[in-house]
Amino acid sequence: MTTTTAPSNVVVVLLDSLNRHLIGAYGGTEFDTPNLDRFAARAVRFDRHYSGSLPCIPARHDLLCGALDFLWKPWGSIELWEEPITAKLRAAGVATMLVTDHPHLFETGGENYHTDFLAWDYERGHETDPWKTRADPSWVGAPSFHQVDFPYERSRGWFRDEADFPGPRTMAAAARWLDETVGHHDRFFLLVDEFDPHEPFDTPEPYASMYDESWQGPHIIWPPYTKGAVARGLLTTEQARQIRASYGGKLTMIDAWFGTLLDAVDRHDLWGDTAVVVCTDHGHYLGEKDVWGKPAVPVYEPLGHIPLLVAWPGVEPRAVDALTTTVDIFATLAEVFGVSCPQVTHGRSLAPLVTGQSQRVRDRVLAGVWGREVHVINGDGKYARAPEGDNAPLSMWSNRWSTMPVLSRAELRMPPPDDRAFLDRMPGSTVPVIRQPFQPGDLLPYWAWGRFSGNHLYDLREDPAEDRNLAGTAAEKEAADELREALVEIGAPDDQLARLGLA
């Protein structure tokens, strides 16, 4: 019988916008994911793992700080009252390494997530990364572009071969770090924060045409962010198929390069003392319910129900049905390395689930985007609560006062705090924090834009496709009570309860 041992090291591979339902290990057959499936064959597969704070940077806050972010602010840096786990690991003598091509980690609103790693490697050129001041004049290998003076358009022509793309370079760099480092540190934590298969869904051949051989002309690498695109005629059925196929090509390409990282783990026989975690921040709508990208809609299953695979020393592969979320990865890291952070955290360690000592660690998950619907997912269903009237009152809590840059709207910035702002305290903290109230008519941060479609309640056991909205039935009162209880339990801002009609 195999003996379970506590890992000395942890490798976390976060693939951005990784759709659970398209991975072979989760039943996907549309696209090839042989290396993710290879890893899953030796891992514990979590079947009810969910996003917490969305989208990109809030999800990294959940992972590295362990505290749900989306009820207090939309998108921003690590704050003065909290420390990332990497700071505590560094103090404890654990070697921490970040290998990434994720541009938002080096922009306003995300610029200090890397600073407490012992070392970090940023592979340049993905999406909004301002890597080049001019495009490659030879345009070798460049497709026809669809945006004007966008950073990726200046970078793309400099990728000559498949190995030049940011995703492949990131995976190769992570494998190289293992080759150069294993045996030189007593304990290590490696985070591979890989932006693929996030858009642009741009790949060289054979991936570009792999799943849509009939397509003629430039590949569509930038998906729209909208709902009802096909129904409203914004996309033809052929264009819709092409976007989905382009995502599939990106998925299969990064899967191939993920294999190089697995090869490095094999070479050094790390499976005996190292936990390897594969996760994501969220999925990406590719036409499910005719929704595309990450627009202003409730967090349906394709976006919020995400993959989690954990290989643990001495643990045989199996499926786990327990409910989990991103802050639980933070709690697992804290337990493995024996550290804690000063801020209030919301995670539950996955270790008892992985080793079979427990069947569940939580009864519910909170999820959402700041200023949008707030979701509670429990053992049977999901409830998405929208504002009862105007999207107010609402406040932002931050001492860094930034949000996601929107390159297409360079003039768009967070307005500075005004005379309505006052000092408050985060739960568990004595550090004063600027709390800025918003009212109807105020310019809200980007992710709070968009109309609402009311409340949504789904029985996920009986209706996993979320086709039958039970909001308005007798079941909604119980769901609303549970959501209110969950918000009060973590000390959510009072204005969140007020705007949702739960005060």
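Everything that follows concerns the structure shown earlier in this document.
Residues numbered from 1 in each chain as written. Predicted model: local features only at pLDDT ≥ 70, side-chain atom pairs only at ≥ 80, totals over all residues. Heavy atoms only, no water.

Undergrad: Before we go on, may I ask you to explain the overall build of the chain in this structure?
TA: Per the secondary structure count, the chain includes 11 helices and 19 strands. Taking 503 residues into account, the globule formula puts the C-alpha radius of gyration at 23 Å, and the chain, at 22 Å, falls close to it. Along the first, second and third principal axes, the C-alpha set of the chain runs to 55 × 55 × 45 Å. Burial analysis of the chain (503 residues in total) assigns 61% to the buried set. For the chain, the exposed surface amounts to about 19100 Å²; the carbon and sulfur share of it is 50%. The centroid of the 46 positive side-chain charges in the chain is displaced by 3 Å from the centroid of its 72 negative side-chain charges. (Helix = DSSP H or I, 4+ residues; strand = E, 2+ residues; numbered from the N terminus. Rg over C-alpha atoms; globule rule 2.2 N^0.38 Å. Buried < 20%, exposed > 50% of the residue type's maximum accessible area, 1.4 Å probe, protein only. Areas by Shrake-Rupley, 256 points an atom, 1.4 Å probe, with all protein chains shown as cover. Lys, Arg positive; Asp, Glu negative; His and termini not counted. Charge placed at Lys NZ, Arg CZ, Asp CG, Glu CD.)

Undergrad: How do you make sense of the nonpolar core when you look at a structure like this?
TA: When a protein is soluble and globular, its nonpolar side chains tend to lie buried together. In this structure, Val10, Phe46, Ile85 and Phe189 are the most contacted members of the largest nonpolar core, which totals 60 residues. No other element matches helix α8 (residues 327-337), which puts 6 residues into this core. The contacts of Ile85, once residues within four sequence positions are left out, are Leu64, Phe330, Leu333, Ala334, Val339 and Cys341. (Core = buried A, V, L, I, M, F, W, Y, C linked by side-chain atoms within 4.5 Å. Contact = heavy atoms within 4.5 Å.)

Undergrad: Hey, could you run me through the pattern of salt bridges in this one?
TA: Pairing is possible between side chains that carry opposite charge, provided their charged atoms lie close to one another. All told, the structure shown has 37 salt bridges when counted by the stated rule. Asp494 serves as the salt-bridge partner of Arg435, at 2.5 Å between the closest nitrogen and oxygen. One end of the pair, Arg435, is in strand β18 (residues 432-438); the other, Asp494, is in helix α11 (residues 494-499), with 59 residues separating them in the sequence. Salt-bridge contacts for Asp481 lead to Lys477; the nearest nitrogen and oxygen are separated by 2.9 Å. Taken together, the residues span about one helical turn, with Asp481 and Lys477 both in helix α10 (residues 475-489) at a distance of 4 residues. Linked by salt bridges that have partners in common, Asp16, Arg60, Asp193 and Asp281 make up one network. (Salt bridge = Lys/Arg side-chain N within 4 Å of Asp/Glu carboxyl O.)

Undergrad: It is not clear to me how the sheet that holds strand β13 (residues 365-369) should be interpreted in this structure. Could you clarify?
TA: Strand pairs in the sheet, formed through backbone hydrogen bonds, run parallel or antiparallel to each other. Across the sheet, which stays open at both edges, the 5 strands sit in the order β3-β13-β14-β15-β19 with mixed pairing between neighbours. Both outer strands of the open sheet, β3 (53-54) and β19 (456-459), are each paired with one neighbouring strand and no more. Here β13 pairs with strand β14 (residues 374-377) via 4 bridges, running antiparallel. Of the residues in β14, the one forming a bridge with Leu366 is Val376. (Pairing = 2+ DSSP bridges.)

Undergrad: So what exactly am I meant to see when it comes to the environment of Val192 here?
TA: Along the chain, Val192 turns up in strand β6 (residues 188-194). Each C-alpha atom of the pair Val192 and Met97 lies 8.4 Å from the other, and the pair is 95 residues apart in sequence. Not counting chain neighbours up to four residues away, the residues in contact with Val192 comprise Val12, Val13, Leu14, Val99, Thr170, Met171, Ala174 and Leu261.

Undergrad: What is the right way to look at helix α2 (residues 56-65) in this model?
TA: Spacing of three or four residues puts side chains on the same side of an α-helix, whose turn is 3.6 residues. The buried fraction of α2 is high, at 10 of 10 residues. For α2, the full list of buried residues reads Cys56, Ile57, Pro58, Ala59, Arg60, His61, Asp62, Leu63, Leu64 and Cys65. At its buried positions, α2 is contacted by β1 (9-15), β3, α3 (85-91), β6 and α8. Gly66 sits one or two positions beyond α2 and adopts a positive phi of about 75°.

Undergrad: Hey, could you run me through the sheet that holds strand β17 (residues 422-425) in this one?
TA: Taken together, 3 strands build an open sheet; the order of strands is β16-β18-β17 and the sheet is antiparallel. Lying at the two open borders of the sheet, with one neighbouring strand each, are β16 (394-397) and β17. The sheet shows a mean angle of 45° between the axes of neighbouring strands, direction not considered. Examined bridge by bridge, β17 and β18 share 4 bridges and lie antiparallel to one another. Bridged to Arg425 within β18 is Pro432. (Axes fitted to C-alpha atoms, helices over the stretch in contact; angles between N-to-C directions.)

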